[in-house]
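Residues per chain are reported as follows:
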Amino acid sequence: MSDSTQEINQIINQEYKQGFVTVLETDTFAPGLNEAVIHQLSAIKNEPDFMLAYRLHAFRHWQTLTPPTWAQVTIDAIDYQAISYYSAPKRKEDGPKSLADIDPEVLAAYKKLGIPLDEQERLAGIAIDAVFDSVSVATTFKGKLKEVGVIFCPISEALRDYPELIKTYLGSVVPHTDNFFAALNAAVFTDGSFVYIPKGVRCPMELSTYFRINAANTGQFERTLIIADEGSHVSYLEGCTAPMRDENQLHAAVVELIALRDATIKYSTVQNWYPGDKQGKGGIYNFVTKRAECRGDNSKVSWTQVETGSAITWKYPSCVLLGNNSVGEFYSVAVTNNYQQADTGTKMIHIGKNTRSTIVSKGISAGHAQNTYRGLVKVLKSAENARNYTQCDSLLVGDQCGAHTFPYLEVKQPSAQIEHEATTAKIGEEQLFFCQQRGLSAEDAVSMIVNGFCKEVFKELPMEFAVEAQALLGLSLEGSVG
Amino acid sequence: MLSIKNLTVNINEKVILNGINLEVNAGEIHAIMGPNGSGKSTLSHVLSGKPGYQITGGTIQYKGKNLVDMAPEIRAREGVFLAFQYPVEIPGVSNVYLLKAALNAVRKHQGLDEVDAMDFLSLVKAKIKTLDMDEKFLYRAVNEGFSGGEKKRNEILQMAILEPALCILDETDSGLDIDALKVVAEGINALRSSERAFIMVTHYQRLLDYIKPDYVHVLAHGQIVKSGGADLALALEKEGYGWLEQGQVSA
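Residues numbered from 1 in each chain as written. Chains lettered and ligands numbered in written order. Predicted model: local features only at pLDDT ≥ 70, side-chain atom pairs only at ≥ 80, totals over all residues. Heavy atoms only, no water.

### Let's talk about the overall build of chain A
Right, on to step 1. If you tally the helices and strands in chain A, you get eleven helices and 23 strands.
Right, on to step 2. Per-residue burial for chain A yields a buried fraction of 62% across its 482 residues.
Right, on to step 3. The long-range share in chain A, meaning contacts at least 24 apart out of those at least 6 apart in sequence, stands at 84%.
Right, on to step 4. Summing over all exposed atoms, chain A offers an accessible surface of approximately 17,600 Å²; the carbon and sulfur share of this is 50%. (Helix = DSSP H or I, 4+ residues; strand = E, 2+ residues; numbered from the N terminus. Buried < 20%, exposed > 50% of the residue type's maximum accessible area, 1.4 Å probe, protein only. Contact = heavy atoms within 4.5 Å. Areas by Shrake-Rupley, 256 points an atom, 1.4 Å probe, with all protein chains shown as cover.)

### Some details on the side chain of Gln 205 of chain B
Residues and elements named next belong to chain B.
Right, on to step 1. Its place among the elements puts Gln 205 in the loop between strand S10 (197-202) and strand S11 (215-220).
Right, on to step 2. Reaching out from Gln 205, the side chain makes a polar contact with the side chain of Asp 209 at a distance of 3.2 Å.
Right, on to step 3. Filtering out sequence-adjacent residues up to four positions away, Gln 205 remains in contact with Met 33, Ala 233, Leu 234 and Glu 237. (Polar contact = N/O pair within 3.5 Å; in protein donor to acceptor, adjacent residues only side chain to side chain.)

### A word on the environment of Lys 281 of chain A
Right, on to step 1. Note on placement: Lys 281 of chain A falls in the loop between strand S12 (264-271) and strand S13 (283-294).
Right, on to step 2. In sequence terms Lys 281 of chain A and Asn 185 of chain A are 96 residues apart; their C-alpha atoms lie 25 Å from each other.

### Points about helix H3 (residues 49-62) of chain A
Side chains three or four residues apart in an α-helix point the same way, a direct result of the helix having 3.6 residues per turn.
Right, on to step 1. Relative to the 20 Å expected for 14 residues at 1.5 Å per residue, H3 of chain A spans 20 Å between its end C-alpha atoms, a close match to the ideal helical length.
Right, on to step 2. In this structure, the buried residues of H3 of chain A make contact with helix H2 (35-44), helix H6 (155-161), helix H7 (163-169), helix H8 (180-188) and strand S8 (223-228) of chain A. (Expected span 1.5 Å × (residues − 1).)

### Section: the pattern of salt bridges
Close approach of charged atoms allows side chains of opposite charge to pair.
All names here are of chain A.
Right, on to step 1. Under the criterion given, the structure shown has 26 salt bridges over all chains.
Right, on to step 2. Between Glu 35 and Arg 60 there is a salt bridge, and its shortest N-O distance comes to 2.8 Å. In this pair, Glu 35 sits in helix H2 while Arg 60 sits in helix H3, placing the two residues 25 residues apart along the sequence.
Right, on to step 3. The class for Arg 60 is partly exposed, based on a relative accessible area of 45%. (Salt bridge = Lys/Arg side-chain N within 4 Å of Asp/Glu carboxyl O.)

### Some details on the sheet that holds S11 of chain B
Residue and element names in this part refer to chain B.
Right, on to step 1. Pairing within the open sheet is mixed, and its six strands lie in the order S6-S9-S10-S3-S11-S12. Strands at the two margins of the open sheet, each flanked by one partner only, are strand S6 (80-83) and strand S12 (223-228). On average, each strand axis in the sheet is tilted by 20° relative to the strand beside it, whichever way the strands run.
Right, on to step 2. Taken together, the four bridges between strand S3 (residues 29-33) and S11 define a ladder with parallel strand orientation. (Pairing = 2+ DSSP bridges. Axes fitted to C-alpha atoms, helices over the stretch in contact; angles between N-to-C directions.)

### Looking at the nonpolar core
Most often, soluble globular proteins have nonpolar side chains that are buried together.
Right, on to step 1. Counting 57 residues, the largest nonpolar core has Ile 364 of chain A together with Leu 2, Ile 4, Leu 7, Leu 47 and Ile 90 of chain B as its most contacted members.
Right, on to step 2. A total of nine residues in this core trace back to one element, the largest contributor, which is helix H10 (residues 442-458) of chain A.
Right, on to step 3. Of all hydrophobic cores here, the second largest spans 54 residues; its members include Leu 33, Tyr 80, Tyr 169 and Ile 312 of chain A. (Core = buried A, V, L, I, M, F, W, Y, C linked by side-chain atoms within 4.5 Å.)

### Some details on unusual backbone geometry
Right, on to step 1. Its identity as a non-glycine residue notwithstanding, Asn 385 of chain A has a phi of 60°, on the positive side.
Right, on to step 2. Of note in the backbone geometry, Lys 63 of chain B takes a positive phi value of approximately 50° without being a glycine.
Right, on to step 3. Among the structural elements, Lys 63 of chain B can be located in the loop between strand S4 (54-62) and strand S5 (65-66).

### Here's the deal with the sheet that holds S4 of chain B
Residue and element names in this part refer to chain B.
Right, on to step 1. Across the sheet, which stays open at both edges, the four strands sit in the order S2-S1-S4-S5 with antiparallel pairing between neighbours. Either end of the sheet is taken by a strand with one partner, and the two such strands are strand S2 (14-24) and S5.
Right, on to step 2. Note that strand S1 (residues 2-11) and S4 share seven bridges and pair antiparallel. Residue pairing across strands places Leu 2 opposite Tyr 62, the latter belonging to S4.
Right, on to step 3. In this fold helix H1 (residues 40-48) packs onto S1, S2 and S4, with an angle of close to 110° to the strand it touches most, S1.

### Some words on helix H3 (residues 95-109) of chain B
Residue and element names in this part refer to chain B.
Right, on to step 1. Here H3 is 15 residues long and its end C-alpha atoms lie 21 Å apart, about the 21 Å a rise of 1.5 Å per residue gives.
Right, on to step 2. Turning to H3, its buried residues number three or more, namely Asn 95, Val 96, Leu 98, Leu 99, Ala 102, Leu 103, Asn 104, Ala 105 and Val 106.
Right, on to step 3. Directly beyond the C-terminal end of H3, a positive phi value near 75° is found at Gly 111.

### Observations concerning the state of the cysteines
Right, on to step 1. What the rule picks out here adds up to zero disulfides over all chains.
Right, on to step 2. Note on Cys 294 of chain A: no disulfide assigned, nearest cysteine sulfur contributed by Cys 319 of chain A at a separation of 5.5 Å.
Right, on to step 3. Cys 167 of chain B carries a free sulfur, and the closest cysteine sulfur to it, the one in Cys 435 of chain A, is 19 Å from it.
Right, on to step 4. The buried category is assigned to Cys 167 of chain B, whose relative accessible area is 0%. (Disulfide = S-S within 2.5 Å.)

### Here's the deal with the side chain of Ser 299 of chain A
Right, on to step 1. Mapped onto the elements, Ser 299 of chain A comes out in the loop between S13 and strand S14 (300-307).
Right, on to step 2. Filtering out sequence-adjacent residues up to four positions away, Ser 299 of chain A remains in contact with Ala 259, Leu 260, Asp 262, Ala 263, Cys 294, Asn 325, Ser 326 and Val 327 of chain A.

### A look at the packing of aromatic side chains
Residue and element names in this part refer to chain A.
Right, on to step 1. Tallied over the entire structure, the rule returns 17 aromatic pairs over all chains.
Right, on to step 2. Centre to centre, the rings of Tyr 80 and Phe 180 are 5.5 Å apart; their planes meet at 65°, and the pair counts as edge-to-face. Of this pair, Tyr 80 sits in the loop between H3 and strand S2 (87-89) while Phe 180 sits in helix H8, and the two are 100 residues apart along the sequence.
Right, on to step 3. Residue Tyr 80 is classed as buried on the basis of its relative accessible area, which comes to 9%.
Right, on to step 4. Here Phe 180 falls in the buried class, since its relative accessible area comes to 6%.
Right, on to step 5. Geometrically, the ring pair formed by Tyr 285 and Phe 287 is stacked, given 5.6 Å between the ring centres and 5° between the ring planes.
Right, on to step 6. These aromatic residues form a ring-pair network of at least three members: Phe 59, Trp 62, Tyr 80, Phe 180, Phe 181, Tyr 285, Phe 287 and Trp 314.
Right, on to step 7. Lying across the ring of Phe 50, Lys 167 places its NZ or CZ 4.9 Å from the centre. (Phe/Tyr/Trp six-rings, centres within 6.5 Å; stacked < 30°, edge-to-face > 60°. Lys NZ or Arg CZ within 6 Å of the ring centre and 35° of its normal.)

Below, the structure is given as C-alpha cells:
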C-alpha cells in the first residue's frame, strides 16, 4: 500500500461524535414479541381500538413472512425475540405537559446533540419533534403552526386526536403487507411524526424530527406520515443518532408521504446512526421503507438523503407518480466506511401522463465498506410521455472497498424517455497529491474532493442542513486518508 | 536556494536517479533536458514530495532546510511549486475555491491573515487577465473538461496566485500548440524575479525559445551528463539525444 493510500485510510477513520449514552430511569418492556406485547404497547399509548386491531392484523401477517435476502449485504440472522419493543424515559402519571416535566437528562442529551428544545434556544424557523427511543419527548412550535392549520405532532398523539386522518391515510402508501419490515413496523411502531398541511397552505417553517436511540437492546420502530393537501407545500427534515454499543440494534421505520393535487413535499434525511466500530462490531441496522404517492395532478415529491451512519442501511425512498404531470425526485449521498454496508436507491413508478422523475445517486465507499445503488424505474402503459433521468456515481476511497450498481428498468409505454448515466471513480492518489502540492493537508483535500463529488445533492438540502451535511461528511471520512 | 547533492532515487528497487548534483540560486532559470526515461519527471516529483519514490542516498537542501523530511503540503507552503505535466481533474470543486483554499493554506503557514473573498476575487481577476483566460474558468470545476492548453494555463494561474519561490515546471510545453505555448511562456516570464528560481523539465528545445534559461542540464541514465548555457539546448535540438546513448559524453 502506498503512502497516500495509507493517508486516505487514516482520514476515513474517525470517532463517532454522538456515541454517548444518557443514563435514565426508563419504562422498558422485557425482550420478546407476541400478541400480549402488542396489547401492552397499544395500552401504554392509550390507543383507540382500531389501532390495536390494525397492529394485531399486521402482526399475524408478519408471522407468516420470512426476512428478505435479496440485498447486497452480509448479515447474521436477527433474533426478534431478543429485542425490546418499547423503551421510554420514565414520566409522570399523565405524561409531560411542558418541558419542565421532561427528564433534564433527556433535554441535556438533545442539547449535546445540538438540538435545543427549550424556548429560548430553539432554532428559528425550524419546528422540531424530538423522538427518544420509543416516544416523542417534545414538539416545538406546535401552537404557532396550529395558527395556520398545520398539524405537526407525535403520531401517537395523532392516533388519538385525528383518528379520521389516520384511518384514511395510515398504511395507504405502505400497507402492512408490503414487506417483512413494513409488517413488523405496522405491528409494533411506537412513535414518529405526523404532519398535515391543509389546502393551499405553505408551511411557514421547516419541520424536523430528530430521532435518538438511547436504550440498549431495543429496536426503534418509527412511523412517519405526512399529508400535503391540495396546493400545499412543506419541507421536512429528519436527523438520527445513537450511542456506541457493541450489539447491533434494529431501526425499522416506515415513512409515508401523500401529495394531493398541486402539492409539494420536500423530505430530507441526514442519517447518522452509529455505524459500528472500525472492526465492524455493533452499529444500527437501518431497514426502512419510505414511499411517497403523488396522488394528485401536478404534485411533486423530492427525497434528499445523506446517509453516513448505520452498520447496514437498506432503504429505497420511492415515488408512485399517479397524478398527471406529477414529479418525483431522489437525491442521495451514501457514505460507507470501515465495515459499513449500504444497499440503497429508489423506485420511481410512473403511472400518470407526463410524469417526470430524476434520480441522482452518489455513493462513496472507503475502508472495507460495500456500497450498492439499487434503483427501479417503472413506466406503466398509462404513463404517456413519462421521462426519467438517472445519474449514478460511485467514488472509491482506498483499495479495499466496493461499489455496485443495479439499475432496473421496466417500460411499457413507447413514448417514455429514459436516460441513465453511471460513473465510478477512485479518489486518486494523483488528485490527493495535486491538492497537497498546492498546500492543502490530506484531510482538507479529501474533504474537498468528496464534497465536490456530492455537490449536486447538497444543493438540494435546506440551507441550514447543507452546511451540517458537509461537516458530517468530512467527519465520516476523517481518517480515511493517511 | 536549492542544493542537491549525490541524490539517488529508486522506484521499486530500480535505480532511477543515480547521483544528481544541482545548485539553483534565486533568480536563475535551469532547464533539465533529456530523452524519455532519463529520470526528468522523477526529479520533479521527488523535489515536490510525491509518494512512491525511495530516496536511497544524498541530500536535498531548500533554503537551508532538509527538503526530504517535509510533507508535500509543507513543501508547497514553503514555496515549492510543481506545475504538473498532467494536471488532474477535480469534479464539483470550482477553480476559484481551490485557488483560495491553496492561497490561504500558504498564507497561514507564513503567519499572514487569510484573504477574504472580495480581496481574493480582485487578485485572481487581475492575474487571470494576464494569462488570456476567461473569468468563467474560475467557476468551472478544476480542470474538468479543460483542453490540454487550458489545463496548462490553469497551472500557471495557480503559480501566479501562490507566488512560490521555487517553480518546477514538468513538461509544461507538452501538448501545447504554438499559440498556447506563447501565452504560457509569457505567464512564466511575467513571474521571473530575482527572488524566484525556475526548474524547467522539458524534452524539447522549443519552450526555451520563449523562456531563455541561464543553465541547461542534460540528464541521461539518472545522471546529469552535461551542463552548459542556453546554447547547449540548441545543440541538442540539432543533434538529438542519440549521441548521449552512444556514450560519447564529455561532461
